[in-house]
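# Fold and geometry: a report
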Amino acid sequence: MPLSVRRSLVAGLSASFLLAATGCGAGATTAGSAADLEPAPAAQRLDKVCPATVVVQADWEPEAEHGPIYNLVGPGYTVDTDKKRVTGPLVIGGKDTGVKIQVRAGGSAVGFQSPASEMYIDQSITLGMVTTDGAIQAAGKQPVTAVAALMKKSPQVLMWDPKTHPDWKTVADIGKSGAKVVYRDGEVFAPMLVARGLIKKSQLDGSYDSSPSRFVADPSIAQQGFATAEPYIYEHEVAAWKKPVKFQLLSDVGYTVYPEALSVRTGALKKLSPCLKKLVPVIQQSAADFAAAPDTAVTLIDDIVKQYATSWVYSKGTGQYAAKEMVRLGILGNEADGSIASFDKKRVADSLKTFGPILTKGGVKIPAGLSADDLATNAFIDTKIGMK
């Protein structure tokens, strides 16, 4: 994933290729009512230990990959269409935890700055969505520590046209073919694929501009994408394509990062610990609840995308597809210990070992002795909470 502009296709789709509805909003609006909410059990009450408003900085525009967080936003939420933020009671299981949650859009809403950067600019941000490679990059000047994994593995893929390439099953098959691999310049997975001998350097084409036009015009290429978006969008919403694509998850071939991990400024970890001890299990439960029943969060995402009315195009159908695929593909799932949102520290260490040298070669100064324990902690995870 790019470290400042994460997403691929959807934001850049032109009207000639994409058939989707958009909406608009002006000023702050409200939805539903919080008046009848029951209080959450004492174990899930956050009002004595957490900020009055738990602020979460997303890494991109609203999408189903953020579902476990949007699932925490209760009725009576307000939408700030100028700053692209939604604020409402922080609920779990439909019950009020005693504090509010504010989810801030990333991407265009913050000038495409990274969540780590935003967290240091505005220290009212409680949590930011920071992918492991982004945390490694930020460690020198803006260190963050992940406290909960929003997803178990990355939805990033390489995709291809199965009619043009019926023999392709894996990324390795793409490498053997010599076909061009079109990606956005700066993606750390590209040099990783070369280093692992899966793709030849001569195949790389870093000119991907988010539009489907090149893939439609030249289906001989392989292209970056997300398992949670492009397969649905190309088949159902790209008018000039309207057929399936095939893909392989890059997490299967060494892209071991935890995408959009919920992180705090490392220096604030101790101060926030009393809050995190109660908040992280609430987030875990929300992730499990979202996996089982995503409709409420997907509907909210659809609402705020329309109200924000940016260039970001994201249909409710895409959100519903994404929520289902996240579970089917294990993108959202339990770790080996049976808990959701926890970290496999070996994977974090492997990410540091793999992507540290790539980032260093690109000019990033990584602190000496940086370890997996600096990048992520399971200290606040309740190992009893997982998907059923």
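Residues numbered from 1 in each chain as written. Predicted model: local features only at pLDDT ≥ 70, side-chain atom pairs only at ≥ 80, totals over all residues. Heavy atoms only, no water.

## Description of empty space enclosed by the protein
Counted by the stated rule, this structure contains four cavities of 30 Å³ or more. Looking at the largest cavity, its volume works out to about 60 Å³. Surrounding the largest cavity, Val130, Thr131, Thr132, Ala135, Ala146, Tyr258, Ala261, Ser263, Phe343, Val348, Leu375 and Ala376 form its lining. Counting residues per element, the ones that place at least two in the lining of the largest cavity are α3 (132–138) and β14 (261–265). A breakdown of the residues in the lining of the largest cavity according to their chemical character gives nine nonpolar, three polar and no charged. Taken as a whole, the second largest cavity spans an internal volume of roughly 40 Å³. Lining of the second largest cavity is provided by Ala149, Leu150, Met151, Lys152, Tyr258, Leu332, Gly333, Glu335, Ile340, Ala341 and Ser342. (1 Å grid on protein atoms, 1.4 Å probe; cavity = no way out; pocket = protein on both sides within 12 Å on 5 of 7 lines; lining within 4 Å. Points joined across faces, edges and corners; volume = space filled by probe spheres on them. Helix = DSSP H or I, 4+ residues; strand = E, 2+ residues; numbered from the N terminus. Nonpolar A, V, L, I, M, F, W, Y, C, P; charged D, E, K, R; others polar.)

## Focus: the nonpolar core
Within the largest apolar cluster, 79 residues are counted, with the highest numbers of intra-cluster contacts made by Ile69, Val86, Leu90, Leu276 and Leu279. Ranked by residue count, the leading element in this core is helix α8 (residues 269–292), at 11 residues. With sequence-adjacent residues up to four places away left out, Leu276 is seen in contact with Leu127, Val147, Val264, Leu269, Pro281 and Phe380. (Core = buried A, V, L, I, M, F, W, Y, C linked by side-chain atoms within 4.5 Å. Buried < 20%, exposed > 50% of the residue type's maximum accessible area, 1.4 Å probe, protein only. Contact = heavy atoms within 4.5 Å.)

## Some words on the environment of Val91
Relative to the helices and strands, Val91 is located in strand β5 (residues 85–92). Here Val91 falls in the buried class, since its relative accessible area comes to 7%. Sequence spacing of Val91 and Gly74 is 17 residues, and the spatial spacing of their C-alpha atoms is 5.4 Å. Not counting chain neighbours up to four residues away, the residues in contact with Val91 comprise Leu37, Asn71, Leu72, Val73, Gly74, Asp96 and Thr97.

## Side note on the sheet that holds strand β10 (residues 181–182)
Spatial ordering of the open sheet is given by β11-β10-β12-β9-β13, a layout of five strands whose pairing is mixed. Both outer strands of the open sheet, β11 (204–205) and β13 (246–249), are each paired with one neighbouring strand and no more. One ladder, built from four bridges, connects strand β9 (residues 156–160) with strand β12 (residues 222–226); its direction is antiparallel. Looking at the pairing, Leu158 lines up with Gln224 of β12. (Pairing = 2+ DSSP bridges.)

## Overview of the confidence of the model for the protein chain
Per-residue pLDDT for the protein chain averages 93, and the proportion of residues at 70 or more is 92%. Predicted confidence for residues 1–26 stays below pLDDT 50, and this span has 88 contacts to residues more than four positions away or in other chains. (pLDDT = per-residue confidence, 0-100.)

## Quick notes on the packing of helix α9 (residues 295–308) against helix α10 (residues 316–328)
Axis separation between α9 and α10 bottoms out at 9 Å; the angle between their running directions is 150°. In this structure, α9 meets α10 at a crossing whose hand is right-handed. Contacts between α9 and α10 pair Val298, Thr299 and Asp302 from the former with Lys316, Gly319, Gln320 and Ala323 from the latter. In the contact of α9 with α10, the residues fall into two nonpolar, three polar and two charged. (Axes fitted to C-alpha atoms, helices over the stretch in contact; angles between N-to-C directions. Left-handed = near helix turned anticlockwise from the far one by under 90°.)

## Digging into the packing of aromatic side chains
For the coordinates displayed, the defined rule picks out 12 aromatic pairs. Aromatic pair Tyr232 and Tyr321: ring centres 5.4 Å apart, planes at 35°, arrangement tilted. Here Tyr232, found in helix α7 (residues 230–236), pairs with Tyr321, found in helix α10; they are 89 residues apart in sequence, far enough to count as distant. Taking relative accessible area as the criterion, Tyr232 reaches 18% and is therefore assigned buried. Through a chain of ring-to-ring contacts, the aromatic side chains of Trp60, Phe112, Trp312 and Tyr314 assemble into a single cluster. Positioned above the aromatic ring of Trp241 is the side chain of Lys243, whose terminal nitrogen or guanidinium carbon lies 4.4 Å from the ring centre. One cation-aromatic arrangement involves Arg347 over Tyr258; the distance from NZ or CZ to the ring centre is 3.9 Å. (Phe/Tyr/Trp six-rings, centres within 6.5 Å; stacked < 30°, edge-to-face > 60°. Lys NZ or Arg CZ within 6 Å of the ring centre and 35° of its normal.)

## A look at the state of the cysteines
For the structure shown, the criterion picks out one disulfide. Each disulfide pairs two cysteine sulfurs, and for Cys50 the partner residue is Cys275, the sulfurs being separated by 2.0 Å. One quick way to see it: the torsion about the S-S bond of Cys50 and Cys275 is about 95°, and its sign makes the bridge right-handed. Of the two residues, Cys50 sits in the loop between β2 (38–39) and β3 (53–57) while Cys275 sits in helix α8, which places them 225 residues apart along the sequence. On the basis of relative accessibility, which here comes to 10%, the residue Cys50 falls in the buried class. (Disulfide = S-S within 2.5 Å.)

## What about α9?
The end-to-end C-alpha distance of α9, which contains 14 residues, comes to 20 Å, matching closely the 20 Å that a straight helix rising 1.5 Å per residue would cover. Listed in full, the buried residues belonging to α9 are Ala297, Val298, Leu300, Ile301, Asp302, Ile304, Val305, Gln307 and Tyr308. Phi turns positive one or two residues past the end of α9, at Ala309, with a value near 50°. (Expected span 1.5 Å × (residues − 1).)

## Regarding the side chain of Gln248
Tracing the sequence through the fold places Gln248 in strand β13. Given a relative accessible area of 12%, Gln248 falls into the buried group. Within polar-contact distance, the side chain of Gln248 engages the backbone nitrogen of Val171 at 2.7 Å. Those residues within four positions of Gln248 in sequence are excluded, and the remaining contacts are Gln156, Val157, Leu158, Trp160, Thr170, Val171 and Val253. (Polar contact = N/O pair within 3.5 Å; in protein donor to acceptor, adjacent residues only side chain to side chain.)

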